Structures are given as structure tokens and as C-alpha cells.
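# Understanding the architecture of this molecule
For reference, the chains in residue letters:
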Amino acid sequence: MRAASRLFILGSNPPLEYFSKRMREGAFGNFWYSWKALIAILPPVAAAAIPRPIRIAVAFGKKKVRVFNTNLELFIAMQAVLSRANRFVNKPTRHSPHLPSQAMDLLTSYVSDSDDETLHDAPVVVKRPTVNLTPDVGEDSLVSNRLYTVPTATEIPVNVPYTDMMQPLVGPENPFNQRRLLQQNVLTGHVEEQVLNEYDFRIQQRTFTTFGYARDPSNLNGQLGAGIAGTGYVGDVNKAIQFNGATIHDSLPKSLRPNNGVQKKRLPRGDSSVLEGDNTYLGPWAGYKDEKIGVPVGPSEEEVARANAASSAAAEAGEKGKPKEIVVGKETSIFHGKSETDYQGRTYISVPQDLDVNLFAEPGSQECFIPKRCVHTWSGHTKGVSAIRFFPGSAHLLLSAGMDNKVKIWDVYHDRRCLRTFLGHNKAVRDITFSNDGRRFLSASYDKYVKLWDTETDGKLSWSHRGRFYLQFSVPGQCIKSFTTGKIPYCVKFNPEEDKQHIFLAGCSDKKVVQFDINTGEITQEYDQHLGAVNTITFVDDNRRFVTTSDDKTLRAWEYDIPVVIKYIAEPDMHSMPAVSLHPNRKWLACQSLDNQIVVYGSKDRFRMHRKKRFTGHLIAGYACQPNFSPDGRFIMSGDSEGNMWFWDWKSCKVLKKFKAHDGVTIGCEWNPHESSKVASCSWDGTIKYWD
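What you see is a predicted model, and the numbers here were worked out from it, not measured in a lab. (Residues numbered from 1 in each chain as written. Predicted model: local features only at pLDDT ≥ 70, side-chain atom pairs only at ≥ 80, totals over all residues. Heavy atoms only, no water.)

The full count for this structure, using the stated rule, is 14 salt bridges. A salt bridge links R634 to D632, with the nearest nitrogen and oxygen atoms 3.7 Å apart. A residue is classified by how much of its surface remains accessible, and R634, at 35% relative accessible area, is partly exposed. In this structure, E675 engages K678 in a salt bridge whose closest nitrogen and oxygen atoms are separated by 3.1 Å. Assessed through its relative accessible area of 11%, K678 is described here as buried. Connected through shared salt-bridge partners, D541, R544, R545 and E559 make up one network. (Salt bridge = Lys/Arg side-chain N within 4 Å of Asp/Glu carboxyl O. Buried < 20%, exposed > 50% of the residue type's maximum accessible area, 1.4 Å probe, protein only.)

This part takes up a nonpolar patch on the surface. There is a patch of nonpolar side chains on the surface, built from I156, V158, Y162, M165 and M166 and spanning about 520 Å² of accessible area. Positionally, Y162 belongs in helix α5 (residues 162-165). On the accessibility criterion, Y162 (59% relative accessible area) is exposed. (Patch = residues over 30% accessible without salt bridge, like charges linked within 9 Å, V, L, I, M, F, W, Y side chains within 5 Å. Areas by Shrake-Rupley, 256 points an atom, 1.4 Å probe, with all protein chains shown as cover. Helix = DSSP H or I, 4+ residues; strand = E, 2+ residues; numbered from the N terminus.)

All right, on to the UniProt feature "repeat: WD" (unreviewed entry) in the protein then. The UniProt record annotates "repeat: WD" (unreviewed entry) at residues 378-412, 422-457, 527-559, 629-658 and 659-692. The span residues 629-658 carries 0% helix and 53% strand; its end-to-end C-alpha distance comes to 15 Å. (UniProt positions renumbered as here; feature names shortened; annotations may be inferred.)

Let us now look at the nonpolar core. Grouped together as the largest cluster of nonpolar side chains are 21 residues, with contacts concentrated most on I388, F390, L398 and I688. Elements with a contribution of two residues or more to this core: β10 (385-390), β37 (679-683) and β38 (687-691). Examining the composition of this core, we find that 3 residues originate from one element, β10, more than from any other. Ignoring any residue separated from it by four or fewer positions in sequence, one finds I688 in contact with H376, T377, W378, V385, I388, L398, S400, W410, S681 and C682. Of all hydrophobic cores here, the second largest spans 18 residues; its members include I349, A387, I409 and L419. (Core = buried A, V, L, I, M, F, W, Y, C linked by side-chain atoms within 4.5 Å. Contact = heavy atoms within 4.5 Å.)

Below you can see the structure in the form of C-alpha cells.
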């Protein structure tokens, strides 16, 4: 029933017939049907002497207004009730505005049984005890709208005020919960968390640090804990009793202060009549006892001698543990096999003849396939591997450059072991490259040296220069020559022409491409146009030109031996391209861009970007991951920063396969030119893997 005004008729006599008639006519219709006024007819209490008045009590809501005795007052009260009801009623409802006929008949048939009734102005009212079925429990109105969070929740999908998040835990503890300990915050178990104001906690913490006691923070039944022996304190209870539980903010007598006697004592001021000697007048400038003013402060001579001896001993120990730097001209190599030659006197550089693979075939003559599994792992570098290269032509050897300052050469077909380790650099090796015949290779290192090595020969090295032949005897595996410009070489490349195998180019950190002559050891040309360190050098157009990329986010094309740029490519949306690979048909350049894509440029005269060929999906930002092609040119592959290998279709640019290859960055990959489904990959995790 809707809360509304209520009309209680406490006594009734003939005037009630007037009201019943008016009700039938609809005079009070709005009041009755809208607000459901309750009319209760009780036994009459009016006196017969008075012309049949009735007693009416009018109430609005829960508040009782007044009791009326006369017909005039009744009329005024009814008018007030109707005016209040009509203010809340704006439109008629579906119900009838009249009372039901049964109710009206009941009202008209009511007649008092006693004519001797008397009206008392102050009747006795019997109050009945009321029972509140919904008592007020002191509930906060804000609590009903507050969001309750689980203490162990790590994510909340809505914004919760800081004050709500810092509220104490509510609700009983579940004794059947298996995870009763939210966290093990000490070695021996769990320290129960208690609700304590931050300000009080800091006071008690500082009090415990200073005086050695504090209030027991245990929260039991909403009160602090009893402490030791019921004192309410933990720690030094005797001192707590002595100090009367004072905190650091309370004042203590000077005799009880912890710093009593710690303060330094002042020297006597002296006699003002004495200017020199004992008892000299110092006045307010008198210092403190045991104060050293004007006295040199520092270690004694014995302490200095002991420190020097200890430092010299540590330096000697560090020199013993630290590997000695390799001096130029003292480079060495270590052979790891039993014999450097076989029963016919052939070294490992000789192409094996006992295989079912034709190692003399033309690369790309067979259809290539994407590898599926790892068939071998070479592990010998103690740090990451930065580059790998197959032996030119036959690919029966694999050369690797490591960040452990070493260059290693591995067997691919027989035992698949390390054949030789070349020791000649003092810092990580950045790049390596073979000569056309594979008898020599170059290594570029962060120690600012480019070194020419003998891969493995019968003790003879021969090459032609301007139609003349030179003959030089050397020890197998030795370092032939060292070259340096005083800057870090980032990439090295032999001139691919057969008559220019004594020429190589090095891209350096000083924005230059330097051309060296191996015969004389001198710099024959410098290509100085870049604005950043040179990252790659790639020969194109039948080796008459070469293309370089740099940290200045440009690509430049050069005529060989002419230090003038013939093509300059720089766009606002270009990124640095630290790795470049040439397609087997020698018409396209695949450039690894640091915006996580491989872009393609033409290698002919125009060097235009192929807008329709972009290979994306991998993440290489910040890493110079080397892309590479299959020998038939159908696939392009690359590593990424997460240790994956990616394979794309060259024509459609769709991702064909991706698999986890290494635990570190997959920095380099090479496709075997004769076995169409075998790929070698290297990583910064120090391993080289062979996939089939």
C-alpha cells in the first residue's frame, strides 16, 4: 500500500450519513481512489448531550496531526485532507472514484447501540507497544554504494577511490579456506597484517627505535593488544613503566633522555684578564673537548702503505685473470682435429668427394623448400655469434664471427665439428667475408682492425695484380695482414671481380667507405658522403657499382673507384637499413628496415623502391638481422629479435612459416646453395643451428 494520508473516524453518529451521501456523490472521490485513505470505525465514545458530534483523527504519513470534536472542525480537517491529496494527484486513474457499494452500505447501516453516551474532552488513550520489524542498525548511507574488493585482487576493472582501497578488511575469516596465508612475508611463515593508522605506526616505530618499547599493535576485538604481561607494551617493558609510556613526542626529564651525556662538553671560557698561556680567555669562541680543529685529518702512513700494497696485489690478480691483449703480428690459430691433412695430403679446404650431394652444381638449379626441424647445433662460442658465411661454391665449410673475439670455421657434412679457431682480435668481431675462391677471408672487429686470414692452404698464396703474379709462402691459418684507419669497421667486402681480389672495401664509423689494396696495405680511395656510420656495402650491376646504407637513413649508389654519389635515396618516412641482401637474379635489393619490415629496391640504374613488395610481421627494431634468399629466389627469410625464423613468399609477400629457432636474437641466416632445404642460423645466444 502506497504511503499516503490516512483518515481515522474514532466515533460516529447521524452526521456520518451526510458524509456517506457525499461520498456516493463523489465529493471525496479523488482522495479515496488516489491515496487509499483508511477509515476505521470504532465503538462510539461521544456524549448524547451534544448534537451528535464525531471524533476524527487526521494523519499524514507517520505523523499524527490532531483530533477534532466538532462538525465545523471536521469540515475544515476534511478540506485540508482533500487539498493535500489533490496536490499529489495530477490525473485520474483506472479505478472508480467512488467507494465500493459494500463499504458504503456498511457505513450507512452503522447505528450506535447506546443513547447514554457522553463525550469526554480528554478520553483515556491506551497505548499499545509497537514492534519495529526493521530497526535502524546504524548503517552508513555511503556503505551501500561502496564497491567491495577482494584483498588478493590484482586488477580492478573500475576506478576505486584511494580511500576505499585503503579501508581495513571487513568480514569474518573463512576457517575452511585452504589459502589462509595471503603471502609468506618472513622466512618462517606469515606475519598477520593489522589495521593501524600510518601516523600512529610511525610514532610507535620511532618510539621503539629510540626508547626500546612500543604499544602492542595487535588488533583484538577492535582494541590494542595486551602486550607483555598485560602491560600493553612490547619490547623493554621496564623502561616503558619508567617512562610512563611516553612517546618520542612527549617531553621527558633531562635525566631520563636517551642522549643524556652524549652531548660534547664545552671548554672553559677562561679568564678575560689572561691573553696568552694557560686559562686564556676564549669567551664564546671556546670549542668542545676532543675537538680537532687545525689538525690534519687523514690516514696514517701505515694505513697508506697497507692500502697501496692491497691495490697492487689486486692489480696483479686482475692482470692474471684478464686475457692478454693480442699484439698486431702475434695472431694465432688453433687446429682442433687430429691431422691437418688426410691420407692423400688434402686439407679440410678441399671439397669432399664422398657425398651424395653434388657440391659443384650451380646454386639455384634445384627447387628449394622451407626447413622444418633442427638437425644440428654448433656450440663453441662463449658469447653471441654476430655473422656466419658458407664457403663459396661448395658450402662444405661454415665460417662464424663471435662476440668472444674469435673466428671459427666448422665442418658442415662429416663430423660437423669445429676445425679451426682464429685468435687475432681483442674485441668482438663484427663482420666476415670470404674471397671468391675461399682461400682467404677478412674479419672486421670493434678493436678497429680489419685482418686478412689464410683459411687453410698448402702453404702457398697466389693472386694476380695488373697481369702480374705474386707467390707468397705462409703458414696455414695465419693472419696475413692487418689494416686500420683508427675507426671501427662495421662491414667489409671483397671486390667480386676476379682481377680485383686484392681490393676490399670497409664501411667505418667515421661515415666513410675506405678502399684498401692488400698488396701495398695502403688506402687507395675514400668514399665520403654519408652523414652516419656505414652499415652495408653491396656490389651491383655486374660489380661496376656498389650500394651503401648508413645510420643517416639514406641509401647511396656509387661507381666503383669514383668517390661521387650517382644515386641518393632519402625519404622522410625512411628508417635506417643495417642489413641488405642481393636477390639471386641480381635485380633486387632486400633491405632490412628498422621499422619492422623488409623493403625492396631495384639494383639497376634507377634504384627505385618496389612499393608492392614489403615483408612484414617480424620484430627487429634495433637489431641488424640479416635477410637472405633461397638459391632459386622463391623465398626470403630473416630472423627477429625474439629468436624466431620467418619465411615469406617472394612473389606474394605472404608469410609461409615462422618457428622458434633460438633463445636470443636471431641475427644471421644463410641458405645452403646445394641442399635446397637446409638453412644455417646464428644467434646472440652463442649457438649456430642447422635446419632441414
